[in-house]
Amino acid sequence: MSLKQIDQLLNPRSVAVIGASNRPNRPGNAVMRNLLQGDFAGPIMPVTPKYQAVNGVLAYRSIAALPEVPDLAIICTRAVRVPALIQQLGKKGTRSVIVIAAGLEELQTAQGTNLQEQMLAIARHWGVRILGPNCLGLFVPGIGLNASYAHTHALPGKVAFISQSSAVCVTILDWAKRRRIGFSHFIALGDGGDIDFHELIDYLGRDPKTRAILLYIDSIRDGRAFMSAARAASSSKPILVIKAGASAEVGSAISRLPAGQRGSDQVYDAAFRRAGMLRVQDLRDLFAAVETLAYGQELRGEQLLILTNGNGPAAMAADALIQRGGHLASVSDDTRAALQPLVPSGGRASNPVNLLGDASPALYRQALDLLLPSREADNILVMHAPSALHPGEVYAEAVIEAYRSLSGRKPNLLVNWMGEEAAYSARQRFAEAGIASFRTPEGAAAAFMHRVQYRRNQKLLSEMPDSESEMIPHHPEAARALIRRAREESIDTLSPAHSAELVNAYGIHSRPQNDESGDTGPEWTEDRESLSLRIQVRTDPVFGPVMVLGEAGSVADWQRNAVVALPPLNMALARYLVIQALAEGKIRERHQPLERHALCLLLSQVSQLVVDNPELAELDMNPVAHRQGIYTALAVSITLGPVQPGRRLAIRPYPKELEQRLSLKDGRSVLLRPIRPEDETRQQAFDRALSREDRYNRYFGEVSELSHEQMARVTQIDYDRDMAFIATERNERGEEVTLGMVQAQMDPDNHEAEFGIAIRSDLKGQGLGRILMAKMIDYCRANGTRHLVGWTLPQNRGMANLARSLGFSVRFDAEEEVLDMRLAL
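The rules behind each value
- Residues numbered from 1 in each chain as written.
- Predicted model: local features only at pLDDT ≥ 70, side-chain atom pairs only at ≥ 80, totals over all residues.
- Heavy atoms only, no water.
- Salt bridge = Lys/Arg side-chain N within 4 Å of Asp/Glu carboxyl O.
- Helix = DSSP H or I, 4+ residues; strand = E, 2+ residues; numbered from the N terminus.
- Buried < 20%, exposed > 50% of the residue type's maximum accessible area, 1.4 Å probe, protein only.
- Pairing = 2+ DSSP bridges.
- Axes fitted to C-alpha atoms, helices over the stretch in contact; angles between N-to-C directions.
- Contact = heavy atoms within 4.5 Å.
- Parallel < 35°, antiparallel > 145°, perpendicular 65-115°, else oblique.
- Nonpolar A, V, L, I, M, F, W, Y, C, P; charged D, E, K, R; others polar.

Draft legend 1. The arrangement of the pattern of salt bridges in detail. Using the criterion set out here, one finds 45 salt bridges in the structure. In this structure, R279 and D269 form a salt bridge, with 3.2 Å as the shortest nitrogen-oxygen distance. In this pair, R279 sits in strand β14 (residues 278-280) while D269 sits in helix α9 (residues 265-274), placing the two residues 10 residues apart along the sequence. What makes R279 buried here is its relative accessible area of 13%. For R439, the salt bridge goes to E420, with nearest N and O atoms at 3.1 Å. A residue pair is termed long-range when its members are at least 10 positions apart, and R439 in the loop between β20 (436-438) and α16 (441-461) and E420 in the loop between β19 (412-417) and α15 (424-433) qualify at 19 residues. Since its relative accessible area comes to 48%, E420 is described here as partly exposed. When salt bridges that share partners are traced, they join D265, D269, R273 and R279 into one network.

Draft legend 2. Highlighting the sheet that holds strand β10 (residues 155-163). Strands sit in the order β9-β8-β11-β10-β12-β13-β14 across an open sheet of seven strands; the sheet is mixed. For this open sheet the edge positions go to β9 (145-148) and β14, each flanked by a neighbour on one side alone. The sheet shows a mean angle of 20° between the axes of neighbouring strands, taken without regard to direction. Across five bridges, strand β12 (residues 212-217) lies against strand β13 (residues 239-243) in parallel orientation.

Draft legend 3. Layout of the sheet that holds strand β29 (residues 669-674). Strand order in the open sheet made by the eight strands is β28-β29-β30-β31-β32-β33-β35-β34, with mixed pairing throughout. Each edge of the open sheet is held by one strand with a lone partner, namely β28 (660-663) and β34 (809-813). Averaged over all pairs of adjacent strands, the angle between their axes in this sheet comes to 25°, without regard to strand direction. Where β28 meets β29, four bridges bridge the pair, whose relative direction is antiparallel. Considered in β29, the bridge of S663 is made with S669. Strands in contact with helix α22 (residues 680-689) are β29, β30 (722-730), β31 (736-746) and β32 (752-759); relative to β31, the strand with the most contacts, it is inclined by about 95°.

Draft legend 4. Fine view of the packing of α22 against helix α24 (residues 708-715). It is the contact of α22 with α24, at a shortest axis distance of 10 Å, that shows an interaxial angle of 105°. Between α22 and α24, the angle falls in the class roughly perpendicular. Contacts from E680, Q683, Q684 and D687 of α22 reach α24 at H708, M711, A712 and T715. Residues of the contact of α22 with α24, tallied by class, amount to two nonpolar, four polar and two charged.

Draft legend 5. Here's a closer look at the pairing of β30. Among the nine residues in β30, seven count as buried, and that is most of the element. Pairing analysis gives four bridges linking β29 to β30, with the strands arranged antiparallel. For P674, the partnering residue across the bridge sits in β30 and is F725. As defined by bridge partners, β30 adjoins β31 across nine bridges and the pair is classed as antiparallel. Within β31, the residue paired with T728 across the bridge is T738. Between the antiparallel neighbours β30 and β31 lie five residues, among them G734 with a positive phi of about 80°.

Structural data, given as structure tokens:
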């Protein structure tokens, strides 16, 4: 979807309500009332032949009679009228529509289709995009837009919420209003017939007013588009998701998709992890997440300091923290010495700091004045159990004032005021002050650990993998020939010998098989002290091929007894999968420790087999035994299936087909290829080798050496939306060295790509810059990108001349003081 259309949907200048009504309890009445009660500045135009005015606003008898083209139309009529109204709105020029009505899929047309199919066909003809049907509507509080029939409104804030469930929407709204938590956008997808999660995530991921994104998901239609959008957005802001329908019975009850298209909950879980999102299990966790995301500061560390007036609540918070993998902060000797005179006899000056039940508001203030600026206080949880000495809100004011008066660096502050009636006013004060507050110790600890887990996930996903798997000889052409012969003979299930031959082509060891005699080669004696594994490849209807790791012999439900990952896997991601399997008890180290490195190598080999062979529907290696540092598949079965058109894997793998070997002017041979995560070290060396002038031209200023996190953004790209080519050669030690690189970032519409290029300073004049730019231009053109754009400093004449020679228009931007380079593709 065009970001321009999404922007028109979420930032309309005018709104029409089709089917507006003066009758109470009608959607057309509720929508008009909500629009008028907001602070929306644009015209609101009711359309109805029944009334001269609706809620005091002049009404128009038809869409054609509207005095201007509405940016957004909300259809509040019965389902049978929707397709014809979409046709009229399309002719009028409206391009964004919300459809309230439900049940369009159940109503058939004379042409044999249902009303939803007819509605979407008409919308596609006119370029109209539809939110819904069966949709509550949307809120954009920052512009006063309440385009919904909800019972209440949303406050402005920095958290975006997207939900397929209208019931969850109104529940969250009701809770958030009382907690004074606001939203940048609040969107009900409804049945998601047209506009879907990935399009909205793309928009919100780039929205500077949105600090975090929350999702309630029943089902996803396009796994690859969802993964691409989520991976891009989660690298810059947290995305939390609650997914309903974990069991097959519940999934069939709530999902709008047929059973064969719903996908496995275990695979959804793997997809969320791979995208860098954090899954929460229930609404209680979601509420806690909303609270901390709305009000919490950015995390600087992962340890928590607790200040309390009771041992029991502090112990419950600490237990919940540790059970979720968190850590208590250590109180330094200096801080403990400063606290000791304040802490009453029987209290504690170490973490958790206990001021005892008779602590006064003044004592809380004194303790916080010491703790808030301390080095160990990256994150502080202040707890309070009701006291007969002072009302809860008096203690709250002491905490708020201490936090407000702190100058300079502020730690992340959470509070837990226990009780109900005694704590209600205090929680209201905290909400007004923008401090995250929680009802229970466990809720506060869980909310904090959501933030920590997101931070850890991002670190894990940005780890640089080693490149050892690249050194293993593999022969994909032999595998392709074997599969081709099987296809010619109409064989879907490969024989044990052919299955073993196929995995052998990727360097995977297997026990020899003889199909005719049944001979399994030399006797293999499994080491009873070691762990035997089962590695499978299965095909999920939403996310495509997935890899499954568990213990050998498990014929029960694989979703319960194994862990799942989405290929492609490199060594770092394979290690992440093995750690997960051990942590969840899906594989268990017994008498001998698991040979983790060899197992990661095996998983990366299986991943490459999956990537290279689109006909692979299922693979089962069971058991996989370990002996003398080598994993061997004792039995292998492979099933082939039809090659699915379009995008098979949920994550686009390394596009090896784009590799190209060329010669420079001095005759040296260079390899042009897409960048890989494994290139981080050589890219760091390349960046350091640039001259000071070249670094200044590249970064538009003096920039120190790039950090691991910054370099990971360069090397770990989504090939579906970004591309970077590097030119490499082998040095005298046989090591691959980067000579130059060009990169391009495409917008989600693929309308425009922004490029950047750098050549090693000692290689100027060899034609490498022209070779790299031509490679990127050809790629963008083949990819359907419309414009390639870039900027450089005026003194960088070499870049400007190269751009002109390649057909770019080059002009000086006086406002930005840069050269603007543009090429229409």
